[in-house]
Amino acid sequence: MKTLIIGYGNPYRRDDGVGYHVINAVATRLGRPPLALDEDGLDALGEDIDLVSLPQLLPELAETLAGYDQVIFVDAHTGAYAEDLRCTAVKPRYAPSAFTHHMTAETLLGLTLAFTEDVPPAYLFSIRGYDFDFGLGLSAETERLVAEAVERIMDMIT
């Protein structure tokens, strides 16, 4: 099953970058080298399992998503959900944002419909962040959640 995993968030804002850390942990499990902070993985697309790390979702990805059987998004949450690690199905819909630089996974899937009759099944892993201050690395609490997220993602892709 051709799968795209997109971790998004700012790795220079501690736990906001949890998607980057999950992407690299999955890369390690797949026997691949991790992405450097200045790499996004877009130049390496074409594997059965593609890994991308971005500071935010971009409308330019809509056409790319159309070529996959499954898409997994990974992002931090700030405590908006009861669960520390939450996985939900993502359905396409237009969801305008008050912030022009912010795009939701639902909106990106909605844009994908412009390139295909149907969108691939998609899932969002929301991982609880505790520290969004400037700096690299994850808080101890969020770091513990990375391993669980990676196990659940590996179950979905292998």
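Asker: So what's going on with the pattern of salt bridges? Residues and values would help.
Answerer: Close approach of charged atoms lets side chains of opposite charge pair. Here the structure, examined in full by the defined rule, presents four salt bridges. Arg29 serves as the salt-bridge partner of Glu151, at 2.4 Å between the closest nitrogen and oxygen. Residue Glu151 is located in helix α4 (residues 140-157), and its partner Arg29 is located in helix α1 (residues 18-29); the two are separated by 122 residues in the primary sequence. Here Arg29 falls in the partly exposed class, since its relative accessible area comes to 44%.

Asker: Please set out the nonpolar core residue by residue, giving values where relevant.
Answerer: The biggest cluster of nonpolar side chains holds 24 residues, and the ones touching the most others in it are Ile5, Val22, Val26, Val74, Ile127, Ile153 and Ile157. At the level of elements, α1, β2 (49-54), β3 (70-77), β5 (122-128) and α4 are the ones that each hand at least two residues to this core. With seven residues, α4 is the single largest residue contributor to this core. The next biggest cluster of nonpolar side chains, apart from the first, holds 20 residues, and it includes Tyr8, Val52, Leu57 and Val90.

Asker: How would you summarise the side chain of Thr107 if you had to cite specific residues and measurements?
Answerer: Of note, Thr107 is situated in helix α3 (residues 105-112). At a separation of 2.9 Å, a polar atom in the side chain of Thr107 contacts the side chain of Thr104.

Asker: Before we move on, can you summarise α4 with the specific residues and values?
Answerer: Between the first and last C-alpha of α4 there are 27 Å, a value that for 18 residues agrees with the 26 Å anticipated at 1.5 Å per step. What α4 keeps buried is the set Thr142, Leu145, Val146, Ala149, Val150, Ile153, Met154 and Ile157. Buried-residue contacts for α4 involve β1 (3-8), α1, β2, β3, β4 (85-90) and β5.

Asker: Just give me the short version of a nonpolar patch on the surface, but keep the residues and values in it.
Answerer: On the surface, Tyr12, Leu37 and Leu136 cluster together into a nonpolar patch covering about 280 Å² of accessible area. Topologically, Leu37 is positioned in the loop between α1 and β2.

Basis of the calculations
Residues numbered from 1 in each chain as written. Predicted model: local features only at pLDDT ≥ 70, side-chain atom pairs only at ≥ 80, totals over all residues. Heavy atoms only, no water. Salt bridge = Lys/Arg side-chain N within 4 Å of Asp/Glu carboxyl O. Helix = DSSP H or I, 4+ residues; strand = E, 2+ residues; numbered from the N terminus. Buried < 20%, exposed > 50% of the residue type's maximum accessible area, 1.4 Å probe, protein only. Core = buried A, V, L, I, M, F, W, Y, C linked by side-chain atoms within 4.5 Å. Polar contact = N/O pair within 3.5 Å; in protein donor to acceptor, adjacent residues only side chain to side chain. Expected span 1.5 Å × (residues − 1). Contact = heavy atoms within 4.5 Å. Patch = residues over 30% accessible without salt bridge, like charges linked within 9 Å, V, L, I, M, F, W, Y side chains within 5 Å. Areas by Shrake-Rupley, 256 points an atom, 1.4 Å probe, with all protein chains shown as cover.

Treat this as a map of the structure, not an account of what it does.
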